[in-house]
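Here is what each chain is made of, one letter per residue.
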Amino acid sequence: MKEKLGAPRDYEELIRVIHDRYDEMSKSYQKIAVYLTQNPNDVAVRSVNAIGETSGVHASSFVRFAQALGYEGFKDLQTLFQKRLSTAAPGFEARIKALETELGGRKDCSEAGFLHDLVVRDIASLREMLTDIPAEKLAEAVKLLEKADVIYLLGQLRSAPVVELLRYILTMLGKRCVLLDPGGGLATHMARAIRKSDVLFAVSFRFYANEVVNIVEDAAGRGIPIVAISDSTLSPLAKSASVLFAVPEHEYTFSRSLAAPMCLAQALTVALAARLQNNAVSPRIPTVTAE
């Protein structure tokens, strides 16, 4: 790989550099940075023109972005993503290429075609979680949830269904939880009751709700442990979270799916149930009505 002096030499170093420089980047470069961190597999297998078309940023801007980081061109930067993908998991690169072919060749615009498109993308997102989310991070989050006196739940707009699921399961497990409901404009005031012995569980995706971001930043400033699910390590929640789960979102023409974050939220609660019930083999989440 051709590179100038100081260019990041592996994927991990590249991501660190992007994070360090993100606040100083132009709006266009920030958009590129978010796309790169959210879609590393797409970056590995697609052409710069295809990436530009999907992201809404001209391909030449991606080239200049790479050069600003010290590379001769975009292909040199792309090599880091390709190396990451080739070592992610056996056969993973082939599956991603197959997905790209399947989506690129879809001509069916019927109702069934849209269903097919969404399901295929969700399968890809779920597979990516298996390789991208470290086991130690899951364990750290569940430990925080277990120790918390009260779990405060925060999510608005498109994130609301995720925290509603969390509230239901945590309540059925007998874990004290409070939903910071935006109704009545009281969420910010309710959040002031959070103590250091509690945990704030926040969920937010683009476009991030201002109240959610403000509450998270205030809680972090008061030393409150925060578990967060968001769409990028460049999310406004990232710098405040004790444990951050970045679940990248594929670009959709109408709506972005919640399949992956809902699955992650449920996995965390099942793992919490295993701890609370001292039953790692078959933890049970009680139901409201008898079967």
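Use the structure listed above.
Overview of the structure.

Thresholds applied
- Once a new chain begins, its residue numbering starts again from 1 and follows that chain's sequence as written.
- It should be noted that, the model being predicted, local features are given only for residues of pLDDT at least 70 and side-chain atom pairs only at 80 or more, the latter also being counted only at that level, while totals for whole chains, interfaces and linings use all residues.
- Side-chain numbers come from the whole structure's heavy atoms, not from hydrogens or water.
- A strand pair is defined by DSSP finding two or more bridges across the two strands.
- The way it works is that DSSP assigns letters per residue, a run of H or I at least four long becomes a helix, a run of E at least two long becomes a strand, and they are numbered from the N terminus.
- In this description, a line fitted to the C-alpha atoms serves as the axis of each element, helices being fitted only across the stretch in contact, and the angle between N-to-C directions of two axes falls anywhere from 0 to 180 degrees.
- Any two residues having at least one pair of non-hydrogen atoms within 4.5 Å are treated as being in contact.
- Should an angle lie under 35 degrees it is considered roughly parallel, over 145 roughly antiparallel, and from 65 to 115 roughly perpendicular; all remaining angles are considered oblique.
- Charged residues are taken to be Asp, Glu, Lys and Arg, nonpolar residues to be Ala, Val, Leu, Ile, Met, Phe, Trp, Tyr, Cys and Pro, and polar residues to be all remaining types, Gly included.
- We define a polar contact as two N or O atoms separated by no more than 3.5 Å, with the added condition that, inside protein, one atom must be a possible hydrogen donor and the other a possible acceptor, whereas residues neighbouring each other in sequence contribute only through side-chain atom pairs.
- To form a nonpolar core, buried Ala, Val, Leu, Ile, Met, Phe, Trp, Tyr and Cys residues must be joined to one another through side-chain atoms within 4.5 Å.
- Three exposure classes are used, based on accessible area relative to the maximum for each residue type with a 1.4 Å probe and protein chains only: buried under 20%, partly exposed in between, and exposed over 50%.
- For this analysis, a ring pair means two rings from Phe, Tyr or Trp (six-membered ring only for Trp) whose centres lie within 6.5 Å, classed as stacked if their planes differ by under 30 degrees, edge-to-face if by over 60, and tilted for the remaining angles.

Points about the sheet that holds strand β5 (residues 243-246)
In any sheet, the strands associate via hydrogen bonds between backbone groups, in a parallel or an antiparallel arrangement.
Logical step 1: The strand order across the open sheet formed by five strands is β2-β1-β3-β4-β5, and the pairing between neighbours is parallel. The sheet is open, and its two borders are formed by β2 (177-179) and β5, each paired with just one other strand. Averaged over neighbouring strand pairs, the angle between their axes works out to 15° when direction is ignored.
Logical step 2: Note: strand β1 (residues 151-155) against strand β3 (residues 199-203), five bridges, orientation parallel. Bridge assignment links Leu-153 to a residue of β3, and that residue is Phe-201.
Logical step 3: Taken strand by strand, helix α9 (residues 135-147) contacts β1, β3, β4 (226-230) and β5, and its axis lies near 130° from that of β5.

Observations concerning the packing of helix α2 (residues 27-38) against helix α5 (residues 59-68)
Logical step 1: Between α2 and α5, whose axes approach to 10 Å, the crossing angle comes to 85°. Between α2 and α5, the angle falls in the class roughly perpendicular. Mapping the contact onto sequence places Ser-28, Tyr-29, Ile-32, Ala-33, Tyr-35 and Leu-36 in α2 and Ser-61, Phe-62, Arg-64, Phe-65 and Ala-68 in α5.
Logical step 2: Looking at the contact of α2 with α5 residue by residue, the classes come out as eight nonpolar, two polar and one charged.

Comments concerning the environment of Gln-277
Logical step 1: Here Gln-277 is to be found in the segment after α13 (259-276).
Logical step 2: On a C-alpha basis, the gap between Gln-277 and Leu-173 in space is 9.2 Å, while along the polypeptide they are 104 residues apart.
Logical step 3: Excluding its chain neighbours within four sequence positions, the residues that come into contact with Gln-277 are Leu-173, Pro-283 and Arg-284.
Logical step 4: A distance of 2.5 Å separates a polar atom in the side chain of Gln-277 from the backbone oxygen of Arg-284.

Looking at the nonpolar core
A general tendency of soluble globular proteins is for nonpolar side chains to be buried together.
Logical step 1: With 32 residues, the main nonpolar core has Leu-153, Phe-201, Ile-229, Phe-245 and Leu-264 as its most contacted residues.
Logical step 2: The set of elements that each furnish at least two residues to this core consists of α9, β1, α10 (160-172), β3, β4, β5 and α13.
Logical step 3: Beyond its immediate sequence surroundings of up to four residues, Leu-264 is in contact with Met-129, Ile-133, Leu-138, Ile-229, Phe-245 and Val-247.
Logical step 4: Ranked by size, the runner-up nonpolar core spans 28 residues in total, among them Tyr-11, Leu-14, Met-25 and Phe-81.

Section: the packing of aromatic side chains
Logical step 1: A complete count under the given rule lists four aromatic pairs for this structure.
Logical step 2: Seen from their ring centres, Tyr-11 and Phe-81 are 5.3 Å apart, and the 80° between their planes marks the pair as edge-to-face. A residue pair is termed long-range when its members are at least 10 positions apart, and Tyr-11 in helix α1 (residues 11-21) and Phe-81 in helix α6 (residues 74-88) qualify at 70 residues.
Logical step 3: Residue Phe-81 is classed as buried on the basis of its relative accessible area, which comes to 0%.
Logical step 4: Judged by centre distance (6.3 Å) and plane angle (85°), the ring pair of Tyr-35 and Phe-62 falls under edge-to-face. With a gap of 27 residues between them, Tyr-35 in helix α2 and Phe-62 in helix α5 connect regions that are remote in the sequence. When sorted by exposure, Tyr-35 lands in the same class as Phe-62, which is buried.

Notes on unusual backbone geometry
Logical step 1: For the bond running from Arg-206 to Phe-207, omega is -5°, close enough to zero to count as cis.
Logical step 2: Tracing the sequence through the fold places Phe-207 in the loop between β3 and α12 (210-221).
Logical step 3: For Leu-157, which is not glycine, the phi torsion reads 55° and is therefore positive.
Logical step 4: Take Leu-157: it is sitting in the loop between β1 and α10.
Logical step 5: A positive phi angle, near 50°, is found at Asn-278, a position not held by glycine.
Logical step 6: Checked against the element boundaries, Asn-278 lands in the segment after α13.

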